[in-house]
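Residue-level listing of the chains:
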Amino acid sequence: MATGYDPLSGSIHFPRLSVLKSTVSELGSTNPEDTPVGLTRDGRILTKAAFVSHNSLTGGWLTWGTLKDKKTQETFEECQSNMQKALEHYRPQGTLGARTIKKISVSNTPTLSEVHSASSILSQMPQFASISDSIPSLTLAQVDELCVFLQEQGANLSSDNARRLAIEMYIIDPEKTNQLSGRINGKADINNSAVQALYRELKQACDTAECSLPKSNPPVTQTEIVSNTANIKEATVGDMTFKTVGNPKQLPGGIVNPKITTEEWDALEYQVKTSPVEVSEELRNNRDAAITAQSQEAPKNPEKFKQLLATDIPQHNYLKHKEISCSTGRFKDNPGAVFSETAGGSPSMEDASASCLVFCSVRSYWLPIRLTAVADGHGDEQAANATIAAIAPCLKARLEQFCGGGLTEAGITEAVSAAIADLDRIRRFDETGTTFNLACVIGDRLCIANVGDSRAILVTPKGECVQLSEDAKLLPEDEGSEEDRSAAKVSRFNRAVHLRGGTIESQRDPKTQAFELVRVKGPGVDRGTSSAATIGDHHHNGALTAQPTIVMIPLDELDKDSLILQMSDGVTDAISTNQIGEIAQQYFMKGQLTICEKVRDCAYSMLPKDNIMVTGTPLKTFRLL
């Protein structure tokens with residue numbers, strides 16, 4: 001509850017609005033609605049009966065003279081006045097919709113019903129309902145309070161610099177920053193010795209820190225990765241000699257594979273390129289492959305799609321009986337991001353999505369990175385949920401390893417690749433796995449990393465639609481011409497399976513023998529999977545890779561009002577990239593949540609067999625510092 005009360009100052013320490021609301025709700029569950037309620041100067045919320053019980057000589061209503069609180073020496077009438085002042089204090093800090101709330105209707109003898117009603121209205125204001133986009137543990141109003149306090153302490157400190165200082169305090173010590181915010185909540189007792197000591201400790205930590213926040217997105221350079229600094233070593237697998245990460249994360253239990261050892265599998269999964277020329281060429285090839293895949297993809301059920309688009313994509317009748325979700329609230333660290341999902345044609349939801357903010361120490365600054373990710377689980381939801389939960393710390397650790405001396409294109413690429421390899425080893429996943437599609441801005445580059453067949457797409461207000469990731473697909477090695485079969489065996493993902501001791505087979509219709517899909521099996525495994533790349537599925541003993549396909553694009557090449565859409569294959573099996581672009585173009589002005597809902601509803605109307613997950617994040621949100 002409230003902290004930092006100074007009995008000599010006579011000031012009121014207002015509790016946080018959330019504390020006020022929850023406490024009054026608890027009191028309301030055991031007391032009548034018309035029960036009088038007050039607030040002591042040190043922030044205690046109590047009913048009149050509790051006030052009397054705590055402060056009378058007998059512990060009951062019988063007492064002599066004017067009854068006062070033992071600690072603050074104020075009457076209950078003064079406590080009720082404090083409650084009025086508390087609600088008035090919260091009122092000017094926010095608005096409800098477009099209408100400024102000028103008066104909270106509470107009498108001079110507040111009751112539980114009145115205070116609960118007022119606090120409920122206030123808690124809906126954006127300032128109190130919205131989490132700060134830079135300090136995720138505080139609301140917008142609390143960050144504003146903290147910044148005002150910092151300006152009052154520092155001579156000639158601008159509002160921008162006060163905000164930067166508040167964020168730096170949070171990066172260095174989140175717990176003490178939260179404590180400082182709590183103590184100055186309501187601007188009470190800011191000269192209290194405990195408040196000042198806490199402020200001085202945090203300020204000194206910032207002054208002596210080696211890093212600070214960048215004032216703009218720092219540029220990414222074309223510099224070679226220094227092997228001894230980034231802990232890179234040489235490895236040999238078969239007749240291949242290459243560079244690999246020197247500190248790979250170990251998979252519990254390793255793999256049992258007659259073709260490669262666990263150590264050789266580690267080296268392959270953590271393979272790196274240090275040359276900026278080689279990395280740039282790989283990134284360019286990946287970007288071209290995604291665009292080529294978009295150009296070659298045929299529209300799905302075009303007549304039905306055209307009809308849906310012409311009728312405002314109504315929600316399918318079956319979907320109305322399904323559990324569906326759509327929200328802006330899940331991604332508290334990335335307030336511009338939204339998601340929409342449904343179990344679709346699957347009996348349970350195995351997909352997951354998340355967004356978070358992570359600060360990485362890069363050279364002389366703390367680099368804020370906002371990321372969103374979609375994971376399409378198979379087998380069950382365990383791998384998807386665990387991967388989503390672990391991406392932030394994995395990415396932070398690897399970026400600081402590869403880019404500690406500054407942001408380089410090669411360093412970012414290999415850091416993201418190593419972080420995703422780490423995700424594959426956070427625990428053992430047998431008979432379960434997940435795709436993984438990551439989007440973030442690092443420095444002045446948009447970075448997309450993809451494992452499996454989830455997809456990222458960029459759409460603009462002008463109606464442009466660009467696929468940013470290539471689905472990982474195995475090619476049939478016993479279909480088509482001899483040339484087609486030979487090309488399939490050396491394609492990226494087929495080659496990776498063969499190198500790791502896996503076998504590739506075509507699945508055919510039992511009656512017609514018509515080709516259906518490609519399956520891969522690891523050594524000692526009877527049942528194959530259609531996954532070409534995956535996080536998990538460790539029962540295949542290393543035959544499947546978790547190495548991502550990475551695309552990196554300079555921000556100055558992109559429309560600043562673009563929207564990044566990420567989705568599971570429950571969407572892209574039903575509608576193509578260009579069809580998704582048509583939906584985005586039609587609903588762009590209605591915002592990202594509407595676009596995600598319409599993509600979900602359109603995909604479901606095509607009756608897919610899989611879960612449906614789609615997220616939408618404005619490029620501007622990724623770029624926030």
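Shown above is the structure to which this text applies.
Below: a short report on this structure. Note that this is a predicted model, so its numbers are computed, not measured.

1. Overview of the pairing of strand S22 (residues 612–618)
Phase 1: For S22, a buried count of seven out of seven residues is recorded, marking the element as mostly surrounded by other parts of the structure.
Phase 2: Burial of the side chains of S22 extends over both faces: Ile612, Val614, Gly616 and Pro618 are buried on one face and Met613, Thr615 and Thr617 on the other.
Phase 3: Strand direction decides the pairing type here: strand S21 (residues 563–567) and S22, joined by five bridges, are antiparallel. Along S22, the bridge assignment pairs Gln566 with Thr615.

2. Digging into the environment of His540
Phase 1: Within the fold, His540 resides in the loop between strand S19 (535–536) and strand S20 (549–554).
Phase 2: If near-sequence neighbours (up to four positions away) are discounted, His540 is found in contact with Val520, Lys521, Gly522, Pro523, Val525, Arg527, Gly528 and Thr529.

3. Remarks on the nonpolar core
Phase 1: Core analysis: the biggest nonpolar cluster contains 62 residues, and Phe402, Val416 and Phe436 have the highest contact counts within it.
Phase 2: Setting aside anything within four residues of it in sequence, one finds Val416 in contact with Leu395, Leu438, Ile442, Cys447, Ala449 and Ile550.
Phase 3: Judged by nonpolar contacts, the second largest core, of 28 residues, contains Phe305, Val338, Ile583 and Val614.

4. Side note on the packing of helix H7 (residues 159–172) against helix H9 (residues 193–208)
Phase 1: At a closest axis distance of 9 Å, the pairing of H7 and H9 adopts a crossing angle of 90°. Judged by the angle between their axes, H7 and H9 are roughly perpendicular. In this structure, H7 contributes Leu165, Glu168, Met169 and Ile172 to the contact, and H9 contributes Tyr199, Leu202, Lys203, Ala205 and Cys206.
Phase 2: When its residues are assigned to classes, the contact of H7 with H9 shows seven nonpolar, no polar and two charged.

5. Description of the side chain of Asp376
Phase 1: Mapped onto the fold, Asp376 is located in strand S11 (residues 365–378).
Phase 2: Comment: no salt bridge for buried Asp376; closest opposite-charge side chain is Lys473, at 9.4 Å.
Phase 3: Once residues within four sequence positions are removed from consideration, Asp376 is found in contact with Glu350, Asp351, Gly433, Thr434, Thr435, Ser454, Ser568, Asp569 and Asp610.

6. Structural notes on the side chain of Asn257
Phase 1: If you trace the backbone, Asn257 turns up in the loop between strand S6 (240–245) and helix H11 (262–269).
Phase 2: Among the residues examined, Asn257 registers a relative accessible area of 10% and is labelled buried.
Phase 3: Engagement of the side chain of Asn257 in a polar contact is seen with the backbone nitrogen of Lys259, the distance being 2.9 Å.
Phase 4: At 2.9 Å, the side chain of Asn257 and the backbone oxygen of Asn541 are in polar contact.
Phase 5: Every residue in contact with Asn257, bar those within four places of it in the chain, is listed here: Arg500, Gly501, Pro523 and Asn541.

7. So, unusual backbone geometry
Phase 1: Within the chain, Arg363 stands out as a residue other than glycine whose phi angle is a positive 55°.
Phase 2: Residue class for Arg363 comes out exposed when judged on its relative accessible area of 59%.
Phase 3: Here Glu431, not a glycine, exhibits a phi torsion of approximately 65°, which is positive.
Phase 4: For Glu431, the location among the structural elements is in the loop between helix H15 (409–423) and strand S12 (433–434).

8. As for the environment of Gly528
Phase 1: Considering the arrangement of structural elements, one finds Gly528 in the loop between strand S18 (515–521) and S19.
Phase 2: Assessed through its relative accessible area of 14%, Gly528 is described here as buried.
Phase 3: Along the primary structure Gly528 and Glu505 are separated by 23 residues, whereas in three dimensions their C-alpha atoms are 8.4 Å apart.
Phase 4: Beyond its immediate stretch of four places on either side in the chain, Gly528 contacts Arg519, Val520, Lys521 and His540.

9. Some words on the sheet that holds S6
Phase 1: Ordered in space as S5-S6-S7, the three strands form an open sheet in which the pairing is antiparallel. The sheet is open, and its two edges are formed by strand S5 (232–237) and strand S7 (271–272), each paired on a single side.

10. Concerning the packing of aromatic side chains
The geometry of an aromatic ring pair comes down to the distance between the two centres and the angle between the two planes.
Phase 1: Tallying each qualifying case throughout the model produces two aromatic pairs.
Phase 2: Their ring planes at 90° and their centres at 5.6 Å tell us that Phe149 and Tyr199 sit as a pair that is edge-to-face. Of this pair, Phe149 sits in helix H6 (residues 140–153) while Tyr199 sits in helix H9, and the two are 50 residues apart along the sequence. In this pair, the class of Phe149 matches that of Tyr199, namely buried.
Phase 3: For Arg425, the ring lying beneath its charged end belongs to Trp265, and the centroid distance is 4.1 Å.

Rules and cut-offs
- Residues numbered from 1 in each chain as written.
- Predicted model: local features only at pLDDT ≥ 70, side-chain atom pairs only at ≥ 80, totals over all residues.
- Heavy atoms only, no water.
- Buried < 20%, exposed > 50% of the residue type's maximum accessible area, 1.4 Å probe, protein only.
- Helix = DSSP H or I, 4+ residues; strand = E, 2+ residues; numbered from the N terminus.
- Pairing = 2+ DSSP bridges.
- Contact = heavy atoms within 4.5 Å.
- Core = buried A, V, L, I, M, F, W, Y, C linked by side-chain atoms within 4.5 Å.
- Axes fitted to C-alpha atoms, helices over the stretch in contact; angles between N-to-C directions.
- Parallel < 35°, antiparallel > 145°, perpendicular 65-115°, else oblique.
- Nonpolar A, V, L, I, M, F, W, Y, C, P; charged D, E, K, R; others polar.
- Lys, Arg positive; Asp, Glu negative; His and termini not counted.
- Salt bridge = Lys/Arg side-chain N within 4 Å of Asp/Glu carboxyl O.
- Polar contact = N/O pair within 3.5 Å; in protein donor to acceptor, adjacent residues only side chain to side chain.
- Phe/Tyr/Trp six-rings, centres within 6.5 Å; stacked < 30°, edge-to-face > 60°.
- Lys NZ or Arg CZ within 6 Å of the ring centre and 35° of its normal.

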